[in-house]
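# Reading the structure
Each chain, letter by letter, is given below.
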Amino acid sequence: MAKLYAFTDGACSGNPGPGGWGALLQAVEGETVLQERELKGGEPATTNNRMELMAAIAALEALGRASEITIVTDSAYVKNGVTGWIHGWKRNGWKTASKKPVKNAELWQRLDAAQARHDVTWEWVKGHAGHPENERADQLAREGMAPFKTG
């Protein structure tokens, strides 16, 4: 049976600034990629963390039915947030341990809802380290940002 992967990345030119996100979805059996889909988008004024979150959200929201999927991200912020911090934030009414509002709470809530219908495994990879699918996700994020960059 094929395994489903989403390789996600975000990019920003300036932080904040114009940004983009990209996701490479693959159905893989053994060493063979059976199917592939690329997603990308961007915003005129955003942050790198928001774009990292949007890449994961878009990947999960693109799945038509409940799926078992491994999301591979180079964002420790996304991986640590969704596998750890989010539980406390939800318990604390979307406040941090120091009682401050969680940054990007609306995106964390959207990611939480998107992953709830799936069986998600989260993996972190080092960014810009030659991982082919992560490099493709990075390229998609830069393409998603391109329409919002001026000059």
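An account of the accompanying structure is given in this report. This is a predicted model, so every value here is computed, not measured. (Residues numbered from 1 in each chain as written. Predicted model: local features only at pLDDT ≥ 70, side-chain atom pairs only at ≥ 80, totals over all residues. Heavy atoms only, no water.)

Time to look at the overall build of the protein. If you tally the helices and strands in the protein, you get four helices and five strands. What you see for the protein is a C-alpha radius of gyration of 15 Å, in line with the 15 Å of a compact globule of 151 residues. Each principal axis of the C-alpha atoms in the protein carries an extent, and together these give about 50 × 40 × 30 Å. Scored against the burial criterion, the 151 residues of the protein give a buried share of 46%. Here the analysis covers contacts within the protein between residues at least 6 apart in sequence; of these, 67% occur between residues at least 24 apart. Split by element, the accessible area of the protein, about 8,000 Å² in all, is 51% carbon and sulfur. Where the 18 positive side-chain charges of the protein centre and where its 18 negative ones centre are 10 Å apart. (Helix = DSSP H or I, 4+ residues; strand = E, 2+ residues; numbered from the N terminus. Rg over C-alpha atoms; globule rule 2.2 N^0.38 Å. Buried < 20%, exposed > 50% of the residue type's maximum accessible area, 1.4 Å probe, protein only. Contact = heavy atoms within 4.5 Å. Areas by Shrake-Rupley, 256 points an atom, 1.4 Å probe, with all protein chains shown as cover. Lys, Arg positive; Asp, Glu negative; His and termini not counted. Charge placed at Lys NZ, Arg CZ, Asp CG, Glu CD.)

Attention now goes to the packing of helix 2 (residues 76–91) against helix 3 (residues 105–116). Working note: a packed helix pair is described by the angle between its axes plus the distance between those axes. Viewed as axis vectors pointing N to C, helix 2 and helix 3 meet at an angle of 95°, and their least axial separation amounts to 11 Å. On the basis of the axis angle, helix 2 is roughly perpendicular to helix 3. Judged by residue contacts, Tyr77, Val78, Gly81, Val82, Ile86, Trp89 and Lys90 of helix 2 engage Trp108, Leu111, Asp112 and Gln115 from helix 3. Tallied by class, the residues present in the contact of helix 2 with helix 3 amount to seven nonpolar, two polar and two charged. (Axes fitted to C-alpha atoms, helices over the stretch in contact; angles between N-to-C directions. Parallel < 35°, antiparallel > 145°, perpendicular 65-115°, else oblique. Nonpolar A, V, L, I, M, F, W, Y, C, P; charged D, E, K, R; others polar.)

This paragraph deals with unusual backbone geometry. Cis rather than trans, the peptide bond between Asn15 and Pro16 has omega equal to 15°. Looking at the secondary structure, you find Pro16 in the loop between strand 1 (3–12) and strand 2 (17–29). Even without being a glycine, Asn104 presents a positive backbone phi close to 60°. Relative to the elements of secondary structure, Asn104 occurs in the loop between helix 2 and helix 3. By relative accessible area, which is 14% here, Asn104 ends up buried. The backbone of His128 shows a phi angle near 55°, a positive value even though the residue is not glycine. Turning to its location among the elements, His128 is positioned in the loop between strand 5 (119–124) and helix 4 (132–145).

Following the criterion strictly, the structure yields seven salt bridges and no others. The shortest N-O distance in the salt bridge between Glu36 and Arg136 comes to 2.9 Å. Of this pair, Glu36 sits in strand 3 (residues 32–46) while Arg136 sits in helix 4; the two residues are 100 residues apart in sequence, bridging distant segments of the chain. When its relative accessible area of 33% is taken as the criterion, Arg136 is described as partly exposed. (Salt bridge = Lys/Arg side-chain N within 4 Å of Asp/Glu carboxyl O.)

Before going further, it helps to examine the sheet that holds strand 2. Across the sheet, which stays open at both edges, the five strands sit in the order 3-2-1-4-5 with mixed pairing between neighbours. The open sheet has two edge strands with one neighbour each: strand 3 and strand 5. Neighbour-to-neighbour, the strand axes of this sheet turn through a mean angle of 20°, independent of strand direction. Judged from the ten bridges that link them, strand 1 and strand 2 form a sheet pairing that is antiparallel. Bridge pairing in strand 2 links Ala11 to Gly20. Strands strand 4 (68–73) and strand 5 of the sheet are contacted by helix 2, whose axis makes an angle of about 140° with strand 5. Its contacts with the sheet place helix 4 against strand 1, strand 2 and strand 3, and it is angled at close to 140° to strand 2. (Pairing = 2+ DSSP bridges.)

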